[in-house]
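# Observations on the three-dimensional arrangement
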Amino acid sequence: AGIIAANFPEQPELNGVAPGAQVLACKIGDGRLGSAETGTGLVRALIAAHEYGCDLINLSYGESYYQPDAGRVAQTFSDATRKWGMTVFTS
């Protein structure tokens, strides 16, 4: 978050790449499943991002994925981000 949104008006050399940007953190993991992300959690986070007016979504799972652009959740993200004008990055 600091790399992105750090904002030091008196010391601009310490600024992030988008000084003053607002960051919304959403939990997508389910504690009952060892904190594994779920489709429901992902879609709820997508809806929250839209409701809060987010322009950019970063999904960072920390694990490999077989087909990141296939399935119902991927299609939901694709449809929603096109309709709502959001950009999604994944890693």
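Below you will find a few notes about this structure. (Residues numbered from 1 in each chain as written. Predicted model: local features only at pLDDT ≥ 70, side-chain atom pairs only at ≥ 80, totals over all residues. Heavy atoms only, no water.)

## Considering the nonpolar core
- L42, L46, A49, I57, L59, F77, A80 and M86 together form the largest nonpolar core, which totals 8 residues.
- Listing elements by their share of this core, those giving two or more residues are α2 (39-51), β3 (56-59) and α3 (72-84).
- A total of 3 residues in this core trace back to one element, the largest contributor, which is α2.
- Leaving out residues up to four positions away in the same chain, A49 has contacts with L24, C54, I57 and M86. (Core = buried A, V, L, I, M, F, W, Y, C linked by side-chain atoms within 4.5 Å. Buried < 20%, exposed > 50% of the residue type's maximum accessible area, 1.4 Å probe, protein only. Helix = DSSP H or I, 4+ residues; strand = E, 2+ residues; numbered from the N terminus. Contact = heavy atoms within 4.5 Å.)

## Remarks on α3
- Across its 13 residues, α3 extends 18 Å between first and last C-alpha, which sits within 8% of the 18 Å expected from 1.5 Å per residue.
- Along α3, the positions that sit buried rather than exposed are A74, F77, A80 and T81. For α3, the buried positions fall inside an angular range of 135° around the axis, keeping them on one side. Opposite its buried face, α3 presents the exposed residues R72, R82 and K83, each directed more than 90 degrees away. (Expected span 1.5 Å × (residues − 1). Arc of directions from axis to C-beta.)

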